[in-house]
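Topology and contacts: notes
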Amino acid sequence: MEYLIDTHAHLMDPAFADDYDDFLARTLTLRAVVNIGCNFDDAEKAVALAEREPKVFAAVALHPEDARQYDDARWARLVELAHHDRVIAIGETGLDYHWDTATPEEQKILLARHIDLAKELDKPLIIHDREAHRDCFDALWAGGAEAVGGVFHAYSGSVEMMHEAVAHNFYIGLGGVVTFKNAKTAKAVACEVPLDRLLIETDCPYMTPVPFRGKRNEPIYTQYVAEEIARLRGVSVDDIKRATFENACRLFKTNF
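Residues numbered from 1 in each chain as written. Predicted model: local features only at pLDDT ≥ 70, side-chain atom pairs only at ≥ 80, totals over all residues. Heavy atoms only, no water.

1. Topic: the packing of helix 4 (residues 104-121) against helix 5 (residues 133-142)
- Packing of helix 4 against helix 5 leaves a shortest axis separation of 10 Å and a crossing angle of 40°. By the angle between their axes, helix 4 is oblique relative to helix 5. In this structure, helix 4 crosses over helix 5, and the sense of that crossing is right-handed. The segment helix 4 lies against helix 5, with Lys108, Leu111 and Ile115 engaging Asp135, Ala139 and Leu140.
- A class-by-class count of the residues in the contact of helix 4 with helix 5 yields 4 nonpolar, no polar and 2 charged. (Axes fitted to C-alpha atoms, helices over the stretch in contact; angles between N-to-C directions. Helix = DSSP H or I, 4+ residues; strand = E, 2+ residues; numbered from the N terminus. Parallel < 35°, antiparallel > 145°, perpendicular 65-115°, else oblique. Left-handed = near helix turned anticlockwise from the far one by under 90°. Contact = heavy atoms within 4.5 Å. Nonpolar A, V, L, I, M, F, W, Y, C, P; charged D, E, K, R; others polar.)

2. Concerning the packing of aromatic side chains
- Enumeration according to the criterion identifies 14 aromatic pairs in this entry.
- Ring centres of Phe137 and Trp141 lie 5.4 Å apart, and the angle between their planes is 70°; this geometry places the pair in the edge-to-face category. Remark: Trp141 and Phe137 occur in helix 5; sequence separation between them is 4 residues, near one turn of the helix. For the pair Phe137 and Trp141, one class covers both residues: buried.
- With centroids separated by 6.4 Å and ring planes inclined at 80°, the aromatic side chains of Phe252 and Phe256 adopt a geometry described as edge-to-face. Judged on exposure class, the residue Phe252 and its partner Phe256 are both buried.
- These aromatic residues form a ring-pair network of at least three members: Phe137, Trp141, Phe152, Tyr155 and Phe170.
- Above the face of the Phe57 ring, Arg86 is positioned so that its terminal group lies 4.3 Å from the ring centre.
- Between Arg197 and the ring centre of Tyr171, over which it is positioned, the NZ or CZ distance is 4.4 Å. (Phe/Tyr/Trp six-rings, centres within 6.5 Å; stacked < 30°, edge-to-face > 60°. Buried < 20%, exposed > 50% of the residue type's maximum accessible area, 1.4 Å probe, protein only. Lys NZ or Arg CZ within 6 Å of the ring centre and 35° of its normal.)

3. With respect to helix 6 (residues 159-167)
- What helix 6 keeps buried is the set Val159, Met161, Met162, Glu164, Ala165 and Val166.
- Considering only its buried residues, helix 6 is in contact with helix 5, strand 6 (150-152), strand 7 (170-174) and helix 7 (184-192).
- Its side-chain oxygen at 3.4 Å from the backbone nitrogen of Glu160, Ser158 defines the N-terminal cap of helix 6.
- Trailing helix 6 by a residue or two, Asn169 shows a phi angle of about 75°, which is positive. (Polar contact = N/O pair within 3.5 Å; in protein donor to acceptor, adjacent residues only side chain to side chain.)

4. Observations regarding helix 8 (residues 222-233)
- In a regular helix each residue adds 1.5 Å, so 12 residues correspond to 16 Å; helix 8 covers 17 Å between its end C-alpha atoms and thus fits that length.
- Among the residues of helix 8, those classed as buried are Thr222, Gln223, Val225, Ala226, Glu228, Ile229 and Ala230.
- Where helix 8 is buried, its residues meet strand 1 (5-9), strand 7, helix 7, strand 8 (198-200) and helix 9 (237-252).
- Two residues or fewer after helix 8 comes Gly234, characterised by a positive phi angle close to 70°. (Expected span 1.5 Å × (residues − 1).)

5. Some points on the pairing of strand 5 (residues 125-130)
- For strand 5, the tally of buried residues reaches 5 of 6 residues, placing the bulk of the element in the interior.
- The sheet contact formed by strand 4 (residues 87-96) and strand 5 spans 6 bridges and is parallel. Of the residues in strand 5, the one forming a bridge with Gly91 is Ile126.
- Pairing between strand 5 and strand 6: 3 bridges, direction parallel. (Pairing = 2+ DSSP bridges.)

6. Examining the nonpolar core
- Of all hydrophobic cores here, the largest spans 67 residues; its most connected members are Leu125, Leu140, Phe152, Ile172 and Ile229.
- Beyond its immediate chain neighbours, meaning those up to four positions away, Leu140 contacts Leu111, Ile115, Leu125, Ile127, Ala145, Glu146 and Phe152.
- Core analysis: the second largest hydrophobic core is formed by 19 residues, Ile5, Ala59, Ala89 and Phe256 among them. (Core = buried A, V, L, I, M, F, W, Y, C linked by side-chain atoms within 4.5 Å.)

7. A few points about the sheet that holds strand 8
- With parallel pairing, 8 strands are arranged side by side in an open sheet as 1-2-3-4-5-6-7-8. Looking at strand neighbours, the two that pair on one side only are strand 1 and strand 8, the edges of this open sheet. Sheet twist, expressed as the mean angle between neighbouring strand axes with direction ignored, is 30°.
- Across 3 bridges, the pairing between strand 1 and strand 2 (residues 32-37) is parallel. Bridging from a neighbouring strand, Asp6 pairs with Val33 of strand 2.
- Across the sheet, helix 5 is in contact with strand 4, strand 5, strand 6 and strand 7; its angle to strand 5 comes to roughly 150°.

Structure representation (structure tokens):
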């Protein structure tokens, strides 16, 4: 697993509570993991874990589903955490129209704050975009997000929109969905995305790849994502691992 990096994991999720030490030991066999703190409590925990574990790096933000949790005092603390040298990205942030927990306008205001923070700190964005593709893209480009770039994590848009994202200095993060038999669009994107703009992830404990679909996901399962993308593209698994490793180092400005 010398080049495997899980660029999007939720290591503090309660799904790992019962066997956390064993789970973390398996996770640390990877080259590195980007651990996402996407609410105020998890942001604190993500930074603390990154301080303890050299292979774990943090990203911090307030998830769009939780936009109504925003207040000035807690945002000030999030900004303070974002300055930490173990925080390598601002995210996950974006738009989510699937859950009716915050209005589109509330989410767009919060996304704009995250874009400004990312530009202030010169750190890339990790974007959550669910059922909001055009609005999310428009908000990012209007905010000048291409200045810092980032990654569309768990990318679920079309091939055409993938090319638009790449043209605006963004990478495409693919995870377990690409291994699903009927995931035609994800497989098409995996074939078409420029190799120097591809990242792999798990979004664990969610979106577990085949052959473990339906069970808890873990960062070590990035192996199966790499294998499926290699098969689709007709290249070696080592080619995918090395390319996505180099891409992660470039995007996150980190020598993992």
